[in-house]
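# Analysis of the macromolecular model
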Amino acid sequence: MKKKKLSLNKVAATSDSGIKVDYIPSKVPSVDNTTKSHSGELEKDKNNDLMAKINKVLEVYRKSSSLDVGATPHEVVKETRLYRLLHYKPIFDSPIRPPILIVYALINRSYILDLQKDKSWVRNLVNQGFDVYLIDWKPPSLNDKYVSFDDYVNVFIDQCVDYIRNNKSVEKITLHGYCMGATMSAMYCSLQQYKIKNLVTLAPVIDTSKDSTVIGNFARHLDVEKIMESVGNMPPELLRTCFSALKPFKQGVNKYYSLLEHINDRRFIENFLRIEKWLYDIPPIAGEAFKQWIKNIYQENLLVKNKMKLGDEFVNLSRINIPLLNIIANEDHLVSPEGSAELNNLVSSKDKRIMRFPTGHVGLIASSYSQINVLPKTGRWFFLRSNT
Amino acid sequence: MWGMTVEQDFNKKYQELINSYNAIWKDFKIPNFNMFSPYFQFEQDQKQFQDLFALFLKFHGSIINYMVQVNQTYLKSIKELQSKHPELPNFQSEDEMKKYKNIAIDVFEDSFTKLFQSNEFSIAVSELLSNYSSFGKLLGNAFNDYLKSMNLPNRSEIDTILRDMQELKRDVHRLRKNLDLIMSEEKEVVLK
């Protein structure tokens with residue numbers, strides 16, 4: 001049987017993914033038409049095929065910056081130097097009340113919650129009929145290095161909560177946080193509970209003595225005072241280095257191999273690139289807030305001891321007695337599931353529940369799995385505690 | 001064990017270097033009343049230079065410690081991979097390559113995750129970052145001298161302003177809230 005020979009130009013012309021390959025590196029192995037041996041021919045075909053794939057990967061990476069993220073229709077209803085409050089357009093004229101305010105983490109960007117149409121946490125909640133708001137934190141400059149958790153919790157979150165309460169004429173709203181945002185939401189509830197009806201946390205960092213993750217290990221030994229004194233804000237490069245130590249081969253190396261394998265699958269490539277874009281889109285973290293995060297939470301575990309001080313007040317999680325839903329990913333390698341689960345033991349709420357799912361930290365909010373398994377259950381929990 | 005030996009060896013050499021460096025300056029027999037002599041600034045500069053030198057050596061030591069741990073883990077992984085898959089795969093066979101790749105990834109993942117979760121490694125990373133930060137601090141100190149000579153505020157003075165501004169912003173927020181509360185209470189009284 002005669003083997004089909006592939007030249008790079010031919011691949012470019014017949015590409016079914018619509019990506020035009022116009023970059024040909026100098027070391028492309030040429031197809032030798034005079035080759036006689038069958039095995040030699042096979043090997044050359046393979047080489048050409050591999051080079052074509054590599055070229056496609058390069059092309060795809062070049063186009064990655066133009067990928068759209070955060071596409072669910074929304075408007076910016078409030079904007080300050082350090083945050084934007086987004087309001088997602090409800091699908092009903094009178095959406096389910098109370099409104100939900102999502103508090104995102106200070107790490108990476110909030111569009112992970114609205115990464116793409118079929119994997120969007122926000123869009124799913126909107127489609128279930130809820131009125132959704134999101135705090136999109138803006139990168140702090142060096143002028144903001146003294147912005148602390150006191151500001152994030154008692155000023156910024158409080159401003160957003162008040163805005164929604166006034167704008168929607170409601171006394172209470174639902175607070176819904178992810179990762180560090182979930183921790184901040186719990187802090188806020190312990191201090192300003194009278195404005196909140198329900199608290200829903202996704203992978204919150206609470207009891208760090210139970211944290212067995214790589215991040216937890218680094219955080220426990222970091223001389224954060226000294227580093228922040230020198231750099232001001234936590235630089236993105238340093239955060240990126242920490243994240244690259246998480247599943248360095250299974251995710252760090254294997255994913256590029258998978259990309260090469262699925263290079264003709266446009267859907268796979270787009271998913272891959274959106275996640276990559278998010279992974280490498282790391283803003284700095286305000287120095288003072290980062291210092292508190294590492295020192296007070298990871299090294300001294302003050303949240304569990306009710307000794308974390310914001311402004312003049314101590315955060316006492318036992319003051320929380322509103323309905324609580326704590327959603328945890330069992331395979332979370334960023335936030336220890338055991339540490340997150342402790343929140344339910346610390347609060348005084350009678351109506352409290354833990355939902356555990358066999359997925360990872362990002363899979364919990366931005367995956368097909370979460371659309372099918374996590375969001376319907378979460379939505380039902382919200383609905384049962386709504387005002388309708 | 002090799003890492004420890006290198007570190008101990010390094011610390012010893014480092015101490016010897018510092019001692020010999022100090023000995024050179026002792027030989028100059030700079031007068032003790034240098035507060036009132038032209039040597040005062042010279043001694044200050046010399047101290048800064050000495051600090052930088054010591055820091056550089058420390059930084060070098062922490063890089064060695066870090067690299068030793070990473071390389072040892074790499075060698076351990078290679079050894080384990082060889083024991084699990086003694087022969088190289090047939091590169092022509094896609095299935096065999098895939099199998100080999102999966103084993104390799106599992107082995108490396110396991111070894112490096114163990115390393116990253118170990119106390120020794122996180123201490124090494126912390127030392128590395130901490131020493132690196134000290135460079136920034138020393139450079140900052142040097143710049144502060146320039147700023148001072150130009151009659152400009154230095155970093156710590158700017159930091160004080162930034163800290164005060166942040167506190168003022170918090171105070172304004174609290175005052176506004178209290179004012180809103182008082183006004184809403186007054187409104188209620190008027191309505192009643």
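Check the entry above for the structure.
Presented here is an overview of the structure given in this document. (Residues numbered from 1 in each chain as written. Chains lettered and ligands numbered in written order. Predicted model: local features only at pLDDT ≥ 70, side-chain atom pairs only at ≥ 80, totals over all residues. Heavy atoms only, no water.)

Moving on, we come to the overall build of chain B. Each helix and strand in chain B was counted, giving 5 helices and 0 strands. Reading chain B from its N terminus to its C terminus gives the helix and strand order α-α-α-α-α. Summarising the internal contacts of chain B: among those between residues at least 6 apart in sequence, 71% fall at separations of at least 24. Counting every atom, chain B has about 14200 Å² of accessible surface; 62% of that belongs to carbon and sulfur. (Helix = DSSP H or I, 4+ residues; strand = E, 2+ residues; numbered from the N terminus. Contact = heavy atoms within 4.5 Å. Areas by Shrake-Rupley, 256 points an atom, 1.4 Å probe, with all protein chains shown as cover.)

Residue and element names in this part refer to chain A. Ranked by internal contacts, the top residues of the largest apolar core, which has 119 residues, are Leu101 and Trp137. If sequence neighbours within four positions are ignored, Leu101 has contacts with Leu85, Tyr133, Leu134, Ile135, Cys160, Val161, Ile164, Ile173, Thr174, Leu175 and His176. Counting 8 residues, the second largest nonpolar core, distinct from the first, contains Val57, Leu259, Phe272 and Leu273. (Core = buried A, V, L, I, M, F, W, Y, C linked by side-chain atoms within 4.5 Å. Buried < 20%, exposed > 50% of the residue type's maximum accessible area, 1.4 Å probe, protein only.)

Chain A puts 41 residues into the contact, and the matching count from chain B is 34 residues. When chain A packs against chain B, the two sides together hide about 3300 Å² of surface, and 52% of this comes from carbon and sulfur. Three residues stand out in chain A for area buried against chain B, namely A:Tyr146, A:His221 and A:Phe249, and they jointly supply 21% of the buried area on that side. Here chain A and chain B share 8 salt bridges between them. For the salt bridge of B:Arg170 with A:Asp150, the shortest nitrogen-to-oxygen distance reads 3.9 Å. One can count 29 residue pairs in polar contact (both at pLDDT 80 or more) joining chain A with chain B. (Buried area = accessible area lost by both parts, 1.4 Å probe. Salt bridge = Lys/Arg side-chain N within 4 Å of Asp/Glu carboxyl O. Polar contact = N/O pair within 3.5 Å; in protein donor to acceptor, adjacent residues only side chain to side chain.)

Let's shift gears to the packing of aromatic side chains. To describe a pair of aromatic rings, you give the distance between the ring centres and the angle between the ring planes. Per the counting criterion, the structure on display carries 24 aromatic pairs over all chains. The structure contains a cluster of three or more aromatic residues connected by ring pairs, namely A:Phe218, A:Phe249, B:Tyr66, B:Tyr74, B:Phe108, B:Phe112, B:Phe116 and B:Phe121. (Phe/Tyr/Trp six-rings, centres within 6.5 Å; stacked < 30°, edge-to-face > 60°.)

Residue and element names in this part refer to chain B. Residue placement: Ser111 occurs in helix α3 (residues 94–117). Side chain to side chain, Ser111 and Ser77 meet in a polar contact 3.2 Å long. Setting aside chain neighbours within four positions, we find Ser111 in contact with Thr73, Ser77 and Glu80.

This next bit is on the pairing of strand β5 (residues 173–178) of chain A. All names here are of chain A. Within β5, 6 of the 6 residues are buried, which leaves it mostly tucked inside the rest of the structure. Along β5, one buried face is formed by Ile173, Leu175 and Gly177 and the opposite face, lined by Thr174, His176 and Tyr178, is buried too. Pairing geometry for strand β3 (residues 96–103) and β5, over 4 bridges, is parallel. Counterpart to Val103 in the pairing with β5 is Gly177. (Pairing = 2+ DSSP bridges.)

What follows covers the sheet that holds strand β1 (residues 74–79) of chain A. Residues and elements named next belong to chain A. Strand order in the open sheet made by the 8 strands is β1-β2-β4-β3-β5-β6-β9-β10, with mixed pairing throughout. Here the strands that pair on one side only, and so sit at the sheet edges, are β1 and β10 (352–357). Direction aside, the axes of adjacent strands within the sheet are offset by 20° on average. With respect to the sheet, helix α5 (residues 180–192) is in contact with β3, β4 (130–137), β5 and β6 (196–202), its orientation differing from that of β5 by roughly 145°. On top of the sheet, helix α12 (residues 337–346) reaches β6, β9 (324–329) and β10; it is set at about 170° to β9, its chief contact. (Axes fitted to C-alpha atoms, helices over the stretch in contact; angles between N-to-C directions.)

What the second largest pocket holds in volume is close to 1100 Å³. What lines the second largest pocket is a set of 39 residues, among which A:Asp158, A:Gln159, A:Asp162, B:His173 and B:Lys177 lie closest to the centre. Put simply, the parts of the chain that give the lining of the second largest pocket at least two residues each are α4 (149–168) and α5 of chain A together with α5 (155–191) of chain B. Per-element tally for the lining of the second largest pocket: the top contributor is α5(B), with 13 residues. (1 Å grid on protein atoms, 1.4 Å probe; cavity = no way out; pocket = protein on both sides within 12 Å on 5 of 7 lines; lining within 4 Å. Points joined across faces, edges and corners; volume = space filled by probe spheres on them.)

Under the definition given, this model contains 29 salt bridges over all chains. Salt-bridge contacts for B:Asp159 lead to A:Lys145; the nearest nitrogen and oxygen are separated by 2.7 Å. On the criterion of chain membership, the pair formed by B:Asp159 in helix α5 and A:Lys145 in the loop between β4 and α4 is interchain, its members lying in two chains. Of the two residues examined, B:Asp159 and A:Lys145, each falls in the buried class. For B:Arg155, the salt bridge goes to B:Asp159, with nearest N and O atoms at 3.7 Å. Within this pair, B:Arg155 and its partner B:Asp159 are both found in helix α5, separated by 4 residues, close to a single helical turn. Classification of B:Asp159 as buried rests on a relative accessible area of 12%. Connected via shared salt-bridge partners are A:Asp158, A:Asp162, A:Arg165, A:Lys195 and B:Lys177.

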